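Structural overview
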Amino acid sequence: MVNKTLDYNKVNFFNLTVQAKEKNGNNDTASLLISVQDYDTLNPYFSQSVYNGKISENQLGPLAILPEKILAKDGDTGINEKVLYSIKLVKPPACNNTFSINVDTGVLEAKTAVDREECPYLVVGIQVVIVLEFSVGILSLNFVK
């Protein structure tokens, strides 16, 4: 019987010694190895807390993102559920329909040209979802001079 809830993220393996003993003193022992299976309890997370990118005025297609591509992972070590990417917000709102993100890879693209005078700064909030769990990351875009 388990006396309390096990946490895979704290201890994921137990090695117990079990002893059988007779009234006359004869006994034997055996090892019992228990592997704790992970349960989907942790939110996904981004590999960076903030991403930066550069965009040229009137640029279309994939954007270069720094320090690395947008990447998120399942927070649960032993499960590794697939994460799904989406755009949560775009600032300023005038550029709301300017970007798209690949739901599977997280590649962010400019689908319409950006006018530097209309949108002098850009912030894109990216959301990753695993079933009912989610995390949000921020991407700041600067115009290439």
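Notes on the structure follow. (Residues numbered from 1 in each chain as written. Predicted model: local features only at pLDDT ≥ 70, side-chain atom pairs only at ≥ 80, totals over all residues. Heavy atoms only, no water.)

Side note on the packing of aromatic side chains
Aromatic ring pairs: the centre-centre distance and the angle between the two ring planes describe each pair. The line we're drawing: The pairing test for Phe, Tyr and Trp rings, Trp by its six-membered ring, is centres within 6.5 Å, and the orientation test on the planes gives stacked under 30 degrees, edge-to-face over 60, and tilted for anything in between. Residue exposure (1.4 Å probe, protein chains only): buried if accessible area is under 20% of the type maximum, exposed if over 50%, otherwise partly exposed.
The final tally for this structure, using the stated rule, is 1 aromatic pair. Between Phe46 and Tyr51, the aromatic rings sit 6.3 Å apart at their centres with planes inclined by 75°, giving edge-to-face as the arrangement. Each of the two residues, Phe46 as well as Tyr51, counts as buried.

Looking at the pattern of salt bridges
Put simply, the rule is: A pair is scored as a salt bridge if a Lys or Arg side-chain nitrogen falls within 4 Å of a carboxyl oxygen belonging to Asp or Glu. Runs of E in the DSSP output that reach at least two residues are strands. Runs of H or I that reach at least four are helices, and both are numbered from the N terminus.
This structure, assessed with the given rule, holds 1 salt bridge. Here Lys82 and Asp104 are joined by a salt bridge, their closest N and O atoms 2.8 Å apart. With Lys82 in the loop between β7 (72-73) and β8 (84-91) and Asp104 in the loop between β9 (99-101) and β10 (108-110), this pair connects stretches of sequence that are 22 residues apart. With a relative accessible area of 53%, Lys82 lands in the exposed category. Taking the relative accessible area as the measure of exposure, Asp104 reaches 42% and is therefore partly exposed.

Section: the nonpolar core
Heads up, the rule is: Residues enter a nonpolar core if they are buried and are Ala, Val, Leu, Ile, Met, Phe, Trp, Tyr or Cys, with the set joined through side-chain atoms within 4.5 Å.
Phe46, Ile70, Tyr85, Phe99 and Ile126 are the most contacted members of the largest nonpolar core, which totals 22 residues. At the level of elements, β4 (50-55), β8, β9, β10 and β11 (122-130) are the ones that each hand at least two residues to this core. Element by element, the count of residues in this core is highest for β11, at 5 residues.

Brief notes about unusual backbone geometry
Geometrically, the link from Leu66 to Pro67 is a cis peptide bond, its omega value of 5° lying close to zero. If you trace the backbone, Pro67 turns up in the loop between β6 (64-66) and β7. Following Lys91, the chain continues into Pro92 via a peptide bond in cis, with omega recorded as 0°. Note on placement: Pro92 falls in the loop between β8 and β9. The residue Asn58 is not glycine, and still its phi comes out positive at about 70°. Here Asn58 is to be found in the loop between β4 and β5 (61-62). With relative accessibility at 55%, the residue Asn58 sits in the exposed group.

Observations regarding the state of the cysteines
Convention followed: Cysteine sulfur pairs qualify as disulfides if the two atoms are within 2.5 Å.
By the definition in use, this model includes 1 disulfide. Between Cys95 and Cys119 runs a disulfide, and the two sulfur atoms are separated by 1.7 Å. On the sign convention where negative is left-handed, the bridge of Cys95 and Cys119, at about 115° about the S-S bond, is right-handed. Within this pair, whereas Cys95 is found in the loop between β8 and β9, its partner Cys119 is found in the loop between β10 and β11, the two being separated by 24 residues in sequence. Per residue, the accessibility class of Cys95 equals that of Cys119, and both read buried.

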